[in-house]
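# Structural description and commentary
Spelled out from the first residue to the last, the chains are:
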Amino acid sequence: MLELVVELAEPLAFALGALVFSIAGAIIDLTAVSTYSGGQTALALWMAFVGSAALYAGLFLFGSEARKRLAAREA
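Here goes a summary of the coordinates provided.

The rules behind these values
- Residues numbered from 1 in each chain as written.
- Predicted model: local features only at pLDDT ≥ 70, side-chain atom pairs only at ≥ 80, totals over all residues.
- Heavy atoms only, no water.
- Helix = DSSP H or I, 4+ residues; strand = E, 2+ residues; numbered from the N terminus.
- Expected span 1.5 Å × (residues − 1).
- Buried < 20%, exposed > 50% of the residue type's maximum accessible area, 1.4 Å probe, protein only.
- Contact = heavy atoms within 4.5 Å.

### What about helix H1 (residues 2-37)?
Residues spaced three or four apart along an α-helix face the same direction, because each turn holds 3.6 residues. Over its 36 residues, H1 runs 52 Å from end to end, which matches the ideal 52 Å to within 8%, given 1.5 Å per residue. Considered for burial, the residues of H1 that qualify are Pro11, Gly17, Ala18, Ser22, Gly25, Asp29, Ala32 and Thr35. Two residues or fewer past H1, Gly39 is found with a positive phi of approximately 100°.

### Observations regarding the environment of Ala18
Along the chain, Ala18 turns up in helix H1. A relative accessible area of 10% places Ala18 in the buried class. C-alpha of Ala18 to C-alpha of Ala54: the two residues are 36 residues apart in sequence and 9.3 Å apart in space. Ala18 has contacts with Gly58, Phe62 and Gly63, leaving out every residue within four places of it along the chain.

Right, here's the structure in full:
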């Protein structure tokens, strides 16, 4: 029973990480747009960079790893 919990916890942790990073990246990018509208170009560009990096981490790094681990568990 404990082995099953440990086996399920790892892909779920990666999926949760993907979700958190993706949501944070989207919020940061939306904030960057509103910051740019307010006239703070340098800050907006930095926020857009950070938001895009978070989106990349969430969707591609964590997301692909979660898919791999879930697929390996099902096989």
